[in-house]
Amino acid sequence: MTTVKNMITFLGITGCCLISSCSAGGDTGAPTGPTSQTQYDTVSVLGDRAFERGLLCKRADTPSPGNIYPFGAATAAPIWEMAEWGTKYELEETDKTTDNDGRITYTNAGKAISFAKDEADVKVAMDIFTSTEYDAPRQQNQAWPHLLIEQSFPEKPLVKDLEGLVLKFEGRLTKAEMKMDATDFNPGLHTAQFQLFITVQDLNPNSAYYGDYLWFGIPFYDYRYEQIPLYAAQDVGKGDATGKFIYSAGSTDFMEGSFQSGNWITIEKDIYPLIVGALELAKERGYLTGSFFDDFGISGMNLGWEVPGTFDAGFEFKDFDILAVTERK
């Protein structure tokens, strides 16, 4: 699979295209609210859910300086990567500390990420401090800091072979402080977002459009919205934008409540109908027209912070999984 640089922009080419004003385009036919789950057989598409093989440190323009190993060095290469775009401060293994309760934390002036074993699961906390990154409020077309964990799935199921794709996630917002003057805040340029993106990609090597893809987004948190609206548009606005179609679901499409509450929220949702709807809408908009439905697979993901504004923010999560449904009962 072609490695995709994960630079997502929600802010439009002019810097004034908000999610709500870019979401027109008709009904995708996907469900608009949470539904009850039926019984099913599943297999996780994530590799190394316990982060036992560490994470490759990923840089935008320079080679990786190496890996971080929250639970000790491993003999096999990492499946996970940690991507840091648009930042002055990049985490390395030497930033590692261990708390008395066993939590492993990597921290510097711009960000922190921590890992704590929670029985068979791992709880991950991700914090970003853009008050140290920006010397002035972000301007149009200026890059912004990212802190993402990502991976290319070891096994990439084809959409046509799935009976569902279940997202499991439990998380909470731990901090969200605006560190810019309120009079400088422009919601078309400034926010803090914690979100999941899944790449839906043409995986047929005989296809003339092999490797083409769309971004499918699950927006957990956005400073601007208690209920995040649907967003569907081209990835544009900066020199390194991918130009691919972005479909980011509305928050009521996959969850109840809002992470702005600061409470723990548990999600278990079959997002397969949303992905099918995203593919249909992309084709209606003139994207992915050279690929057939049977060509598409679920190829990878990234999860974390993008902060195109002056905010100090944190989020923690556990029980994160993406489950391919192989049989419904």
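The preceding data block contains the structure.
In short, a report on the structure.

Conventions and cut-offs
Residues numbered from 1 in each chain as written. Predicted model: local features only at pLDDT ≥ 70, side-chain atom pairs only at ≥ 80, totals over all residues. Heavy atoms only, no water. Helix = DSSP H or I, 4+ residues; strand = E, 2+ residues; numbered from the N terminus. Contact = heavy atoms within 4.5 Å. Areas by Shrake-Rupley, 256 points an atom, 1.4 Å probe, with all protein chains shown as cover. Phe/Tyr/Trp six-rings, centres within 6.5 Å; stacked < 30°, edge-to-face > 60°. Buried < 20%, exposed > 50% of the residue type's maximum accessible area, 1.4 Å probe, protein only. Lys NZ or Arg CZ within 6 Å of the ring centre and 35° of its normal.

**Concerning the overall build of the protein chain**
- Per the secondary structure count, the protein chain includes 1 helix and 17 strands.
- Intrachain contacts of the protein chain at a sequence separation of at least 6 include 75% that bridge at least 24 residues.
- Looking at the protein chain as shown, the accessible area adds up to about 13300 Å², and 47% of this sits on carbon and sulfur atoms.

**Quick word on the packing of aromatic side chains**
- Going through the model one piece at a time under the given rule, you end up with 24 aromatic pairs.
- Residues Phe169 and Phe320 carry aromatic rings whose centres are separated by 6.2 Å and whose planes lie at 80° to one another, so their mutual orientation is edge-to-face. In this pair, Phe169 sits in strand β10 (residues 164–178) while Phe320 sits in strand β17 (residues 311–328), placing the two residues 151 residues apart along the sequence. Just as Phe169 is buried, Phe320 falls in that class too.
- With a centroid separation of 6.0 Å and 75° between ring planes, the pair formed by Tyr221 and Trp305 is classed as edge-to-face. With a gap of 84 residues between them, Tyr221 in strand β12 (residues 213–222) and Trp305 in strand β16 (residues 296–306) connect regions that are remote in the sequence. For the pair formed by Tyr221 and Trp305, the shared burial category is buried.
- Connected via pairs of aromatic rings, a cluster forms that spans Phe169, Phe194, Phe220, Tyr221, Phe254, Phe259, Trp305, Phe315, Phe317 and Phe320.
- In this structure, Lys117 is placed above the aromatic ring of Phe71, and the distance from its NZ or CZ to the ring centre is 3.9 Å.
- Seen from the ring of Trp264, Lys318 lies directly overhead, with NZ or CZ sitting 5.1 Å from the centre.

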